[in-house]
Amino acid sequence: MSNDVVICLSASSGYDRVAQGVAGAGRELADELGGSLCAVIVGAAADETVSGVAAVADAVIVADQPELADYQTESYLAAFEQTCRQLEPAAVLLGSDTVGLELTPRLAARLGGSPMSDGTGLRVVDGAIRVTRSAYGGKAEAVFELKRSPAVVWVRARGFEPAPPTGDGAAVERAALELPVAATRIVERHVEEQEGIPLDDARLVVGGGRGLGGAEPFDDLRSLAAVMKAAVGASRSACDEGWVPPSYQIGQTGKKIAPELYLAVAISGAAQHMLGVSDAKALCAINTDPEAPIFRNCHFGIVEDYRKVVPPLIERLRELKQ
Ligand code: FAD
């Protein structure tokens, strides 16, 4: 087993903010361990993805055989497993996206390592890797020491600074892997149309909850978001009601965001929702209930019906812009 760190990336995501955060976490951990950082990119990667990763890693392996053109659990798992077996790293890091959430426990089991989800910090203490993650809905932090090697962790990537470029750019190697015959095949693809600013990397986010009472009030939130240059998200209840698509969902089982400002409108602030916004730099809320849990976590809040706050806020922001 080496002191190296491997980061597992999916080509289809490009060198996006999640991949940058994983690389940042990997760089710091590799430096602390005194090892090197190797990136494994699975799938047909665009040139700018490979060069972006090569600028921050010490080595890059690209596995882009035709069988890996589309994300499939079995084939991607086999690709990451085979490359990790060759490299024998001390730690394997994945991102906070579908691939990371789905593959981390499976990869840890295949490699005989320790799995951990939702890492917000990584440290080396007396040679052992420790992972910090939030507990009790963000009210506390738990620190886990991962006993078996490799430590296989998906990290809350947007909470980590991107890795700085290392210099000349790492050598890029192409892997030739023996892959299993896929047990499934993609028969249909549905690409959801993106309205406005994407939620994942937005600097400002407006979230709507069940207290909005329907799909229509989300149009008001969209108008507010448009004038703020913000993205629109939602609580699970609002998504479950069918007022907005599931891709809007923020929280434990939705997206984890890290904006400069999160404005929660008619959202109670359940622990599962707050887990998705704990990396927001500033949090504010509009809610009729002064006892709503959201106010315990807010930097500032307005106890009022959103219908009395959102329209004048839009108007005032428009005036200020002019
Ligand atoms: P409510 O709890 O119903 O709150 C509505 C709020 O609106 C209230 O505080 C009310 O005072 C306020 N309100 C009402 N009318 C107005 C008005 N006119 N103006 C202003 N305020 C008003 N939830 C998530 O969001 N994301 C997740 O990822 C998630 N994952 C979960 C995973 C599990 C395993 C479980 C069990 C639950 C999960 N939940 C998640 C659900 C979560 O527990 C809450 O039920 C949900 O977040 C509540 O959504 P809400 O705040 O919109 O609705």
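Reading the values: the criteria
- Residues numbered from 1 in each chain as written.
- Predicted model: local features only at pLDDT ≥ 70, side-chain atom pairs only at ≥ 80, totals over all residues.
- Heavy atoms only, no water.
- Core = buried A, V, L, I, M, F, W, Y, C linked by side-chain atoms within 4.5 Å.
- Buried < 20%, exposed > 50% of the residue type's maximum accessible area, 1.4 Å probe, protein only.
- Helix = DSSP H or I, 4+ residues; strand = E, 2+ residues; numbered from the N terminus.
- Contact = heavy atoms within 4.5 Å.
- 1 Å grid on protein atoms, 1.4 Å probe; cavity = no way out; pocket = protein on both sides within 12 Å on 5 of 7 lines; lining within 4 Å.
- Points joined across faces, edges and corners; volume = space filled by probe spheres on them.
- Nonpolar A, V, L, I, M, F, W, Y, C, P; charged D, E, K, R; others polar.
- Salt bridge = Lys/Arg side-chain N within 4 Å of Asp/Glu carboxyl O.
- Phe/Tyr/Trp six-rings, centres within 6.5 Å; stacked < 30°, edge-to-face > 60°.
- Pairing = 2+ DSSP bridges.
- Axes fitted to C-alpha atoms, helices over the stretch in contact; angles between N-to-C directions.

A. How the structure looks around the nonpolar core. By size, the foremost hydrophobic cluster in this structure holds 40 residues, and its most contacted members are Ile41 and Val153. Considering every element that reaches this core, the biggest residue donor is helix α1 (residues 17-33), with 8 residues. Residue contacts for isoleucine 41: discarding those within four places in its chain leaves Leu9, Ala11, Val50, Val53, Val60, Ile61, Val62 and Ala63.

B. Region of interest: empty space enclosed by the protein. Per the counting criterion, the structure on display carries 2 cavities of 30 Å³ or more. Here the largest cavity is characterised by a volume of approximately 90 Å³. Along the walls of the largest cavity sit 13 residues, with Cys8, Leu9, Ser10, Gly95 and Asp97 positioned nearest its centre. Counting only elements with at least two residues in the lining of the largest cavity, the list comes to β1 (5-10), α1 and α4 (98-111). A breakdown of the residues in the lining of the largest cavity according to their chemical character gives 7 nonpolar, 4 polar and 2 charged. Estimates place the volume of the second largest cavity at around 40 Å³.

C. Structural context of the pattern of salt bridges. This structure, assessed with the given rule, holds 19 salt bridges. Here aspartate 31 makes a salt bridge to arginine 27, at a shortest N to O gap of 3.5 Å. Here the residue aspartate 31 and the residue arginine 27 both occupy positions in helix α1, the gap between them amounting to 4 residues, near one helical turn. Among the residues examined, aspartate 31 registers a relative accessible area of 49% and is labelled partly exposed.

D. Fine view of the packing of aromatic side chains. Following the criterion strictly, the structure yields 2 aromatic pairs and no others. Aromatic side chains tyrosine 71 and tyrosine 76 sit 4.9 Å apart centroid to centroid with 80° between the ring planes, which places their arrangement in the edge-to-face category. Residue tyrosine 71 is classed as partly exposed on the basis of its relative accessible area of 25%. Exposure remark for tyrosine 76: the relative accessible area of 2% places this residue in the buried category. Ring plane angle 80° and centroid distance 6.4 Å describe the contact between tyrosine 76 and phenylalanine 80, whose orientation is recorded as edge-to-face. In this pair, tyrosine 76 and phenylalanine 80 are both assigned in helix α3 (residues 73-87), 4 residues apart and thus about one turn of the helix distant. For the residue pair tyrosine 76 and phenylalanine 80, the accessibility class agrees, reading buried in each case. Through a chain of ring-to-ring contacts, three or more aromatic side chains come together here, namely Tyr71, Tyr76 and Phe80.

E. Broad picture of the layout of surface pockets. Here the largest pocket is characterised by a volume of approximately 1700 Å³. Every residue lining the largest pocket is counted, 43 residues in all, and those nearest its centre are Thr98, Gln194, Asp200, Ser247 and Lys255. Looking at the lining of the largest pocket, the elements that each hand over two or more residues are α1, α4, α5 (217-228) and β12 (231-234). Among the residues making up the lining of the largest pocket, the classes are represented as 16 nonpolar, 13 polar and 14 charged.

F. Expanded view of the sheet that holds strand β7 (residues 128-135). Read across the open sheet, the 3 strands follow the order β6-β7-β8; overall the sheet is antiparallel. Across the chains shown, the open sheet's two edge strands, defined by having one partner strand only, are β6 (121-125) and β8 (140-146). Neighbour-to-neighbour, the strand axes of this sheet turn through a mean angle of 30°, independent of strand direction. As paired elements, β7 and β8 share 7 bridges and run antiparallel to each other. Looking at β8, one finds that serine 134 is bridged to glutamate 141.

G. Inspection of the sheet that holds strand β5 (residues 114-119) at higher detail. Strand order in the open sheet formed by 7 strands is β5-β9-β4-β1-β2-β3-β10, and the pairing between neighbours is parallel. Whereas interior strands pair on both sides, the edge strands pair on one side only; in this sheet they are β5 and β10 (171-174). For this sheet, the mean inter-axis angle between neighbouring strands, taken without regard to orientation, is 20°. Where β1 and strand β2 (residues 37-42) come together, 6 bridges link them in parallel fashion. In the strand pairing of β2, leucine 9 is matched with isoleucine 41. Lying over the sheet, α1 contacts β1, β2, β4 (91-94) and β9 (151-155), oriented at roughly 170° with respect to β1.

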